[in-house]
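# Reading the structure
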Amino acid sequence: AAGTPILEVRGLTKRYGGVVAVDDVTLTVPAGQIMGLIGPNGAGKTTCFNMITGAIAPTSGTVSFLGSEIQGRKPHVGAEAGLTRTFQNLQVFSSTDVLGNVYMGRYRKGRAGILRGMLGLQGREQYRHEEIARDILETMQLGDVSGLAAGDLPFGRQRMMEVCRALASEPALLLLDEPMAGLSGREREMLATLLRRLRDAGLTIVLVEHDVAQVMALADSVAVLDDGVLIAHGDPESVRNDPAVIVAYLGTD
Ligand code: ATP
């Protein structure tokens, strides 16, 4: 239900030798909201994502997803429970067509169906996965390029395609790492509109983003990291006016 936490991190900490990349972060993500995670370069945003998804184990602290503690578990544990992420760098199968790239997002939803497809036994199940992938591409206005090799698409459309693949897994929580990077103004607007629609349909989204104006316009709540420390968390308006946030972005030292 809206308002119930879907993700809770408590005391999340990651040390690399003497560097504290993430320092005792405690944060709750309520269901059905878009949360923006912002902060200057090196603030610890990606390290947070990596600990939430299980790509790296925290030095200390807990990650609770839908009520289960998953810190230190392999990424597939969260993925199977409905936690899907995108990466800062494109993760695209260049020579596979766009539909195939999105279809791969169905993997955990239909191993059997995909296996049948690989064996050449086109089943009802596989057909359904393909239909879902096509529907998502249509929604993102990528339907007309679904047959092209993904590597032949302009960068911005490859990014959009990655969001489509993430959606194809039907996540409960979607973590997006700089989804706007490299997109044109028009593409950013299109993505923002889509993310709002997904939120309104009940999806919970956390996005790391450098475009602070976009985050402020899009997010229901905003968390700010600086030097590994959570310095502010709240609605966009109060975060925007928080003196500690202003100092962090202006960089006074
Ligand atoms: P950006 O906005 O530039 O992507 P970020 O907020 O995502 O930055 P992180 O990539 O999480 O920040 O990095 C946080 C800090 O941790 C940085 O000081 C970085 O140098 C350090 N760090 C990250 N990964 C490692 C690692 N594997 N070994 C050592 N230090 C690391």
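In short, a report on the structure.

What counts and what doesn't
Residues numbered from 1 in each chain as written. Predicted model: local features only at pLDDT ≥ 70, side-chain atom pairs only at ≥ 80, totals over all residues. Heavy atoms only, no water. Pairing = 2+ DSSP bridges. Helix = DSSP H or I, 4+ residues; strand = E, 2+ residues; numbered from the N terminus. Axes fitted to C-alpha atoms, helices over the stretch in contact; angles between N-to-C directions. Parallel < 35°, antiparallel > 145°, perpendicular 65-115°, else oblique. Contact = heavy atoms within 4.5 Å. Nonpolar A, V, L, I, M, F, W, Y, C, P; charged D, E, K, R; others polar. Buried < 20%, exposed > 50% of the residue type's maximum accessible area, 1.4 Å probe, protein only. Polar contact = N/O pair within 3.5 Å; in protein donor to acceptor, adjacent residues only side chain to side chain. Near = heavy atom within 4 Å.

### With respect to the pairing of strand β1 (residues 5-16)
In terms of strand pairing, β1 meets strand β2 (residues 19-30) through 8 bridges, oriented antiparallel. Bridge pairing in β2 links valine 9 to leucine 27. Joining the antiparallel neighbours β1 and β2 is a turn of 2 residues, in which glycine 17 adopts a positive phi near 55°. Of the pairings in the sheet, the one linking β1 to strand β4 (residues 60-65) comprises 5 bridges and is antiparallel in character. Each residue of the ladder has a partner; that of leucine 7, found in β4, is phenylalanine 65.

### Overview of the packing of helix α6 (residues 155-168) against helix α7 (residues 185-200)
Where α6 meets α7, the axes come as close as 11 Å, and the angle between the chain directions of the two elements is 10°. By the angle between their directions, the pair α6 and α7 is classed as roughly parallel. On α7, the residues that touch Gly156, Arg157, Met160, Val163 and Leu167 of α6 are Glu187, Met190, Leu191, Leu194 and Leu198. Looking at the contact of α6 with α7 residue by residue, the class counts come to 7 nonpolar, 1 polar and 2 charged.

### Quick word on unusual backbone geometry
A positive phi angle is found at leucine 66, which is not glycine, with a value near 50°. Residue position: leucine 66 is located in the loop between β4 and β5 (68-69). Taking relative accessible area as the criterion, leucine 66 reaches 49% and is therefore assigned partly exposed.

### Thoughts on the side chain of serine 169
Looking at where serine 169 falls in the secondary structure, it is placed in the loop between α6 and β7 (173-177). Here the side chain of serine 169 touches alanine 166 through a polar contact of 2.7 Å, landing on its backbone oxygen.

### Comments concerning the site of the ligand
Tyr16, Ala21, Pro40, Asn41, Gly42, Ala43, Gly44, Lys45, Thr46, Thr47, Gln88 and His210 make up every residue found near the ligand. Residue alanine 43 places a main-chain N or O atom 3.1 Å away from an oxygen atom belonging to the ligand. For the ligand, an oxygen atom lies 3.2 Å from a polar atom in the side chain of histidine 210. Counting residues per element, the shell around the ligand draws most heavily on helix α1 (residues 45-53), at 3 residues. In terms of residue class, the shell around the ligand is made up of 4 nonpolar, 7 polar and 1 charged.

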